[in-house]
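Here is how the chains run, residue by residue.
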Amino acid sequence: MSTPDVRGRIDAVWERLSPAERRVAAMIRHDPELLLVGTSAQLATESGTSKATVSRLVRSLGFQDAAEVRQNLMSARGTGLPWAAEDAAHVDQRAVEARNLDAAFASLARADRPRLARRIVRARRVLVFGERGAYPIALQLRAQLAQVRPDVRVGPAPGQRLGEEVADLDRRDLVVIVTVRRHAAGVDRVVRHCVGTGADVVVIGDPTAAVIAAPATTAVLCPVDSPSAFDSLAALFAVVAAITNDVYEASGPSGRTRVEAVASAYDTLGELAGP
């Protein structure tokens, strides 16, 4: 089931709908995500109809109830297939991003930010894993953590498999698994394997990663919803910045020494251009 299918179902039954049902259907066809973010009561209020009208429309579309509609839409959205609300050009993208950021930072707060930072500082080594859309986020996390503490790796390296990286994990290590919808096949097995080694496992992803993250010690879930065709990763990158800043503060003098050593190495090697 994809969101365009919802619009198609509405088109297929349009002539059979009552005037009240058409008012609800027109709203949903315009922006199917209303079925995800709104309740039947809210849809009824906004369309000037009743909850009974919304329920009749849902059944006319071939669903048992609104919960089944949401489940199907979440499954479709969870695949990461690009589609846009028909009025995407008129949606306040900044307001959407603000809601995503609020939800992401609320999830990070529930993960106990200070303790998470201390766990990252104290780990023998940190392995960051991410594939497909999650790979740039994993790279950013690794790049920033490596400024503050030694032995931060990103895996798998190009041309390699993850097995070499996880073969000798133990309880002294911390693994961060970044995964974003249209998750790479087998990422759930990676989580379970790393947990089984005794390593401290953190999953950073969007809400569709909740089941994948269940065995992990910590999950930070960041919405990526957007009215446009493609997901926005802004909240994920913001959370990465927050975590690494927390780690910098938690690392104390050793972290600052590490930052200075890295900067000195840059200068010695002439790797970075001036401002």
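Our subject is the structure listed above.
What counts, and at which threshold
Residues numbered from 1 in each chain as written. Predicted model: local features only at pLDDT ≥ 70, side-chain atom pairs only at ≥ 80, totals over all residues. Heavy atoms only, no water. Helix = DSSP H or I, 4+ residues; strand = E, 2+ residues; numbered from the N terminus. Polar contact = N/O pair within 3.5 Å; in protein donor to acceptor, adjacent residues only side chain to side chain. Contact = heavy atoms within 4.5 Å. Phe/Tyr/Trp six-rings, centres within 6.5 Å; stacked < 30°, edge-to-face > 60°. Lys NZ or Arg CZ within 6 Å of the ring centre and 35° of its normal. Expected span 1.5 Å × (residues − 1). Bend = angle between axes of the 7 residues up to and from the residue. Core = buried A, V, L, I, M, F, W, Y, C linked by side-chain atoms within 4.5 Å. Buried < 20%, exposed > 50% of the residue type's maximum accessible area, 1.4 Å probe, protein only. 1 Å grid on protein atoms, 1.4 Å probe; cavity = no way out; pocket = protein on both sides within 12 Å on 5 of 7 lines; lining within 4 Å. Points joined across faces, edges and corners; volume = space filled by probe spheres on them. Nonpolar A, V, L, I, M, F, W, Y, C, P; charged D, E, K, R; others polar.

Notes on the environment of Pro136
Structurally, Pro136 can be placed in helix 9 (residues 135–145). Taking the C-alpha atoms as reference points, Pro136 and Leu233, separated by 97 residues in sequence, lie 10.0 Å from one another.

Overview of the side chain of Thr179
Mapped onto the secondary structure, Thr179 falls in strand 3 (residues 174–179). Among the polar contacts made by the side chain of Thr179, one reaches the side chain of His183 at a distance of 2.6 Å. Contact partners of Thr179, with chain neighbours within four places excluded, come to Ala134, Val187, Val203, Ile204, Gly205, Asp206 and Ala209.

Points about the packing of aromatic side chains
Evaluation of the coordinates by the stated rule reveals 0 aromatic pairs. Positioned above the aromatic ring of Phe63 is the side chain of Arg9, whose terminal nitrogen or guanidinium carbon lies 4.4 Å from the ring centre. Over the ring of Tyr248 we find Arg256; its NZ or CZ atom is 4.5 Å from the centre of that ring.

A few points about helix 13 (residues 234–269)
Here helix 13 spans only 33 Å end to end across 36 residues, well under the 52 Å set by a 1.5 Å rise per residue. Of all bends in helix 13, the biggest is about 115°, found at Gly252, and the proline Pro253 comes one to four residues later. Where helix 13 ends, the next residue or the one after it, Gly270, has phi of about 60°, a positive value.

Overview of the nonpolar core
Among soluble globular proteins, nonpolar side chains are generally buried collectively. By size, the foremost hydrophobic cluster in this structure holds 33 residues, and its most contacted members are Ile120, Val126, Val128, Val176, Val178, Ile204 and Ile243. In terms of residue count, the dominant contributor to this core is helix 13 (7 residues). Of all hydrophobic cores here, the second largest spans 18 residues; its members include Ile10, Ala25, Ile28 and Val69.

Looking at empty space enclosed by the protein
One pass over the structure, following the stated rule, counts 4 cavities of 30 Å³ or more. As for the largest cavity, its lining consists of Phe129, Glu131, Arg132, Gly133, Ala134, Val178, Thr179, Val180, Arg182, His183, Ala184 and Val187. Among the residues forming the lining of the largest cavity, the class breakdown is 6 nonpolar, 3 polar and 3 charged.

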